[in-house]
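# Close look at the chain arrangement
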Amino acid sequence: MRRAAFVLLTATALAGCAASGRPQPASAPAADAAPVFDRDPYPSTYHAPAVERVALVGATVLTATGEEIANGTVLMEGGKIAAVGASLAVPDGYRTIDARGKWVTPGVIDAHSHLGAWAQPESVDAHNDVNEMTDPNTALVWVEHSVWPQDPGFDAAREAGVTTMMILPGSGNLFGGRTVTLKNVPSVTMQGMKFPGAPYGLKIACGENPKRVYGGKGRSPATRMGNVAGYRKAWIDAQDYARRRDKWEASGRTGEAPKRDLQLETLAGVLKGEILVQNHCYRADEMANMIDVSREFGFKIRTFHHANEAYKIAPLLEKEDICVATWASWWGYKMEVFDAIEENAALVHAAGGCAIIHSDDPIVIQRLNQEAAAALSAAWRAGIRINKADAIRWFTANPAKALGIADRVGTIEPGKNADVVLWSHDPFSIYARAERVWIDGGIVFDRADVRYRRHSDFLLGQPGEKR
Amino acid sequence: MTRRLAALVALLLAAPASAETIAIVDARLMTMTGAGEIDGGTIVIRDGRIAALGARVAVPADARVIDGRGGVVTPGFIQADSTLGAVEVSQVPTSADRATHSAAISAGFDISLGLNPDSILLPVSRLAGITHAVTTPPYDDRRGRALQFAGQAAVIDLAQRPQMVTRPRAAMVLEMGEGGAGRAGGARGSAIVQLRTTLADVRHFAAHRAAYDRGEGRPQSLSRVDLEALVPVVQGRMPLIVKVDRASDISEMIALAREEKLRVIIDGAEEGWRVADEISAANVPVILDPLADLPRSFSELGATMENAARLHAAGVTIVIKTGSGVAHRARELRYGAGNAVAWGLPHEAAVAAITVNPARVFGVADRVGTLEAGRAADLVLWNGDPLEPLSQPQALFVEGVEKPLTARPLDLRDRYMPPSP
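Residues numbered from 1 in each chain as written. Chains lettered and ligands numbered in written order. Predicted model: local features only at pLDDT ≥ 70, side-chain atom pairs only at ≥ 80, totals over all residues.

### Topic: the overall build of chain B
A count of helices and strands for chain B gives 13 helices and 16 strands. In summary, chain B has a C-alpha radius of gyration of 22 Å against a globular reference of 22 Å for 421 residues, a match within 12%. A principal-axis box enclosing the C-alpha atoms of chain B has dimensions of 70 × 60 × 45 Å. When the 421 residues of chain B are sorted by exposure, 54% land in the buried category. The contacts of chain B with a sequence gap of at least 6 include a subset with a gap of at least 24, amounting to 70%. (Helix = DSSP H or I, 4+ residues; strand = E, 2+ residues; numbered from the N terminus. Rg over C-alpha atoms; globule rule 2.2 N^0.38 Å. Buried ≥ 20, exposed ≤ 12 C-beta atoms within 10 Å, placed from the backbone. Contact = placed C-beta atoms within 7 Å.)

Here's what the structure looks like:
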């Protein structure tokens, strides 16, 4: 989205609204109108990499629309998928890549990452900008302002086929702040990675983390009931704020505008349905409580993250249309994840729900396909029939839905952005490596070409540069 | 109870397995011995011991036959640098006995005492083909980096039986490099001086025990239990696990080990590939996590997915582990080995790195780590390549005892999984 710079520069001359609609052009400003606030003040400056017309020919294609196409052809043109199918004819003007024996999938999407915000070298305190643990409600912070695009973790993830990630603030607070969705392209600025038009998310955390952090400081929340009271209090404030802004709006923006409040703007954005709730929550009973909180205040939860007990309430989550972003192998590191099972994603999937394999980790993000394979293997062990053509959605189409970008990425079908990975083997094999990666039809990684390795300035001239 | 009856009961309890003959047939056997890999092989297990194995082995008439067609048999896997048996929930300190912050018991900490054979993590790890672990104390730094040594590691089995320790006090654990510097005032030079001083103190103590007991020994920074625990280390009888990552730290420790006549095992070694020839020439084994490819500290700037392959190619004995002090995620061991293969390590070398290599490095190769006739069966039958996530174990034996492929998470699954239509 293009930035409406005039909004900030000539604010007093503009009319606008608090939390609905886009910034309005100043066609008929009232002299005493209050300033509009720009809801996209840190806009994307992303430009697609140099686009080529490419035909991938002969691969097994997992489209993430439910198809596994043998001897498939994928045509990319103008940054979009032009066509996909078995044994398609390649029109003139395409560079053909022989992909026989290889596999093609949509670009990998991680619904839960802290790359850039907790950057490598992660043991250096100066690089930990992920958790603003100074107040249980930090809905006012935007994690994009912590993102360091030189995090070598972005490069490692790109080499593993990750084309899009949602970066979240940490889970130490009830309200952790705004998430940001990034395209995994080399960039000097965060804005250069920002996924154009992707909605913001709000990180909310259940359970042990907030109560441990603040209970340990002798303040609320110190218990799970304190957590819920903290959410409710904040939503009451947000409703009040939204009502005052709406009232001022309805009055034709006469009188003094309610003062802007960064915290309440984000919460009000959730109530308006513009900001998606991304809720860290492990236990089944707590997820049910959070669903009730969302009903009490009239908002939707888009995704439960980690959600290792989702399998206990899979039909409820399906009915509520809430995605579940989880792992296969992580469990037992604290009480609330004691009942985690490898079949979690499969049981959510089998109930008709939206299952996602996420990382929350700079190593796991490099092998979301393998984590999904472990989840699929557990499904097969349990006799649950899920094929690879469906399981591929767990790290492509379904996270695209959770992030609110499913109309653009996550599947290989005509018209979608050409975010594509060419794998050396079946991506559910431990031996598969991403060989080439495209974002919006432009190549961003080629294992055979050293120019695409190691972009981070940090590693330049270091022992890690020529790894 | 008569004495004879009591003796009989004791004998029955001590028997390694039920008196049964089992034959796994038509599987690929990865023996990890000179016999190599045997296609279409049969293993006959009698009373818990491997009676015979090979391509042309007759199946005894009374045998329970397990069809291994399309499958692979490996020795049971061994997870190094683990805390299995010493923790239930990582963030519940009362459920963990893996580390100490008592300054009076540093090197003396013996993790083989007080392990929990009922840990639900053991059957979970078995589902990933793991039959043994090197339970290795990490440092407990919650009250500061006070301790020089983390304590002594033990090899354990995962059979969930009271006598779970395969080999106690198998190695001493010491962190050097960046972490060691933090324990010695903040600089590597300080940590190395401290270590040399400690070794000299231990040697002096070993030579003058009687004087120490009379209160005439020279002043010591370490407690008596720590000094005692370190005697086998300075005498080269107990290996010293040294946790270091930076190439220069590895070189420094190899030189120190040579001078001090210590047997060291390098653990971590993320930049090991940069000094691979040096490690190989010193005949020092390396424990590594193949997935550690990020510059997580200034000591790991050279981390790469190719570390395992490059060290192996240089002739280094490598042991593959999962993370550091792993317990719950031990079940990912075979995936780490598989990734090392994807980045250039030969498949058989990757399996060796989670079977026979750790068995040798930790002194239990006479019991586990290979498929050999005459040994207690410690093996896993897989329905495919054991390093692939899509493969699963079909049968598992821990030192002669067949264990069911069940675990608490599967009970949870079955409680909540809807009945199939």
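Next comes the rest of the write-up.
### With respect to the overall build of chain A
The helix and strand inventory of chain A stands at 11 helices and 17 strands. The C-alpha radius of gyration of chain A comes to 23 Å, within 12% of the 23 Å expected for a compact globule of 467 residues. Summarising its shape, the C-alpha atoms of chain A cover approximately 65 × 55 × 45 Å along the three principal directions. Residue burial in chain A is summarised as follows: out of 467 residues, 57% are buried. Within chain A, residue pairs in contact and separated by at least 24 positions form 69% of the contacts whose partners lie at least 6 positions apart.

### Overview of the sheet that holds strand β13 (residues 318-320) of chain B
Residue and element names in this part refer to chain B. As summarised here, the arrangement of the eight strands in space is β6-β7-β8-β9-β10-β11-β12-β13, forming an open sheet in which the pairing is mixed. Looking along the sheet, the strands with just one partner apiece sit at the ends: β6 (77-82) and β13. Put simply, the sheet's adjacent strands are angled 25° from each other on average, direction ignored. As paired strands, β6 and strand β7 (residues 130-135) are joined by four bridges and run parallel to one another. In the sheet register, I78 faces β7, and the bridge partner there is H132. (Pairing = 2+ DSSP bridges. Axes fitted to C-alpha atoms, helices over the stretch in contact; angles between N-to-C directions.)

### Focus: the interface of chain A and chain B
Taken together, the contact pairs 42 residues of chain A with 38 residues of chain B. Listed by contribution, the elements that provide at least two residues to the side of chain A that touches chain B are α2 (152-158) and α9 (368-381) of chain A. A per-class count over the side of chain A that touches chain B returns 22 nonpolar, 11 polar and nine charged. (Nonpolar A, V, L, I, M, F, W, Y, C, P; charged D, E, K, R; others polar.)

### As for helix α6 (residues 224-234) of chain B
All names here are of chain B. Among all positions of α6, only D226, L227, A229, L230, V233 and V234 are buried. When α6 is viewed along its axis, its buried side chains cluster within an angular range of 165° and face the same direction. As for α6, its buried residues are in contact with β8 (149-157), β9 (165-175), α4 (188-207) and β10 (240-244). Trailing α6 by a residue or two, G236 shows a phi angle of about 75°, which is positive. (Arc of directions from axis to C-beta.)

### Here's the deal with the packing of helix α4 (residues 224-250) of chain A against helix α6 (residues 284-297) of chain A
Residues and elements named next belong to chain A. Following both chains from N to C, one finds α4 and α6 inclined at 20°, their axes separated by 10 Å at the closest point. Taken together, the axes of α4 and α6 are roughly parallel relative to one another. When the axes of α4 and α6 are compared, the crossing they make is right-handed. Two secondary-structure elements touch here, α4 through V228, Y231, R232, W235 and Q239 and α6 through N289, V293 and F297. Classifying every residue of the contact of α4 with α6 gives five nonpolar, two polar and one charged. (Parallel < 35°, antiparallel > 145°, perpendicular 65-115°, else oblique. Left-handed = near helix turned anticlockwise from the far one by under 90°.)

### Some thoughts on unusual backbone geometry
Residue and element names in this part refer to chain A. Across the junction of Q120 and P121, the peptide omega takes the value -5°, indicating a cis bond. Checked against the element boundaries, P121 lands in the loop between β6 (108-113) and α2. Note that the residue after S220, namely P221, is joined by a cis bond; omega there is 0°. Within the fold, P221 resides in the loop between α3 (208-215) and α4. Of note in the backbone geometry, A64 takes a positive phi value of approximately 65° without being a glycine.

### Comments concerning helix α7 (residues 247-260) of chain B
Residues and elements named next belong to chain B. The terminal C-alpha atoms of α7 lie 20 Å apart, and with 14 residues this matches the ideal 20 Å at 1.5 Å per residue to within 8%. Within the span of α7, buried status applies to A247, D249, I250, M253, I254 and A257. Looking straight down α7, one finds its buried side chains confined to an arc of 160°; they lie on one side. Away from its buried face, by an angle of more than 90 degrees, α7 presents the exposed residues A255 and E259. Taken together, the buried residues of α7 touch α3 (177-183), β10, β11 (264-268) and α8 (276-281). Looking one or two places after α7, you find K261, whose phi comes out positive at around 55°. (Expected span 1.5 Å × (residues − 1).)

### Remarks on the sheet that holds β6 of chain A
All names here are of chain A. Ordered in space as β6-β7-β9, the three strands form an open sheet in which the pairing is mixed. Two strands lie at the open edges of the sheet, namely β6 and β9 (180-183), each paired on one side alone. Strand-to-strand twist in this sheet, taken as the mean axis angle between neighbours without regard to direction, amounts to 20°. In terms of strand pairing, β6 meets strand β7 (residues 162-167) through four bridges, oriented parallel. What sits directly across from D110, in β7, is M165.

### What about the nonpolar core?
V74, V104, I167, V324, I356, I357 and A375 of chain A are the most contacted members of the largest nonpolar core, which has 140 residues in total. A per-element tally of this core places α9 of chain A first, with eight residues. If near-sequence neighbours (up to four positions away) are discounted, I356 of chain A is found in contact with A111, C323, V324, A325, T326, W394, N398, P399 and A402 of chain A. By size, the runner-up hydrophobic cluster in this structure holds 126 residues, among which are A171, V286, I354 and L396 of chain B. (Core = buried A, V, L, I, M, F, W, Y, C linked by C-beta atoms within 7 Å.)

### Here we look at the environment of G272 of chain B
All names here are of chain B. By the element assignment, G272 lies in the loop between β11 and α8. Classification of G272 by C-beta neighbours within 10 Å gives buried; the count is 29. For the pair G272 and V244, spaced 28 residues apart in the sequence, the C-alpha separation amounts to 9.3 Å. If near-sequence neighbours (up to four positions away) are discounted, G272 is found in contact with I250, I266, I279, V286, L288, N307 and L311.

### So, the pairing of strand β13 (residues 323-326) of chain A
Residue and element names in this part refer to chain A. Here β13 shows a buried face lined by C323 and A325 and a second buried face lined by V324 and T326. Pairing geometry for strand β12 (residues 301-306) and β13, over three bridges, is parallel. Each bridged residue has a counterpart across the sheet, and for T303 the counterpart in β13 is C323. Note: β13 against strand β14 (residues 355-357), three bridges, orientation parallel.

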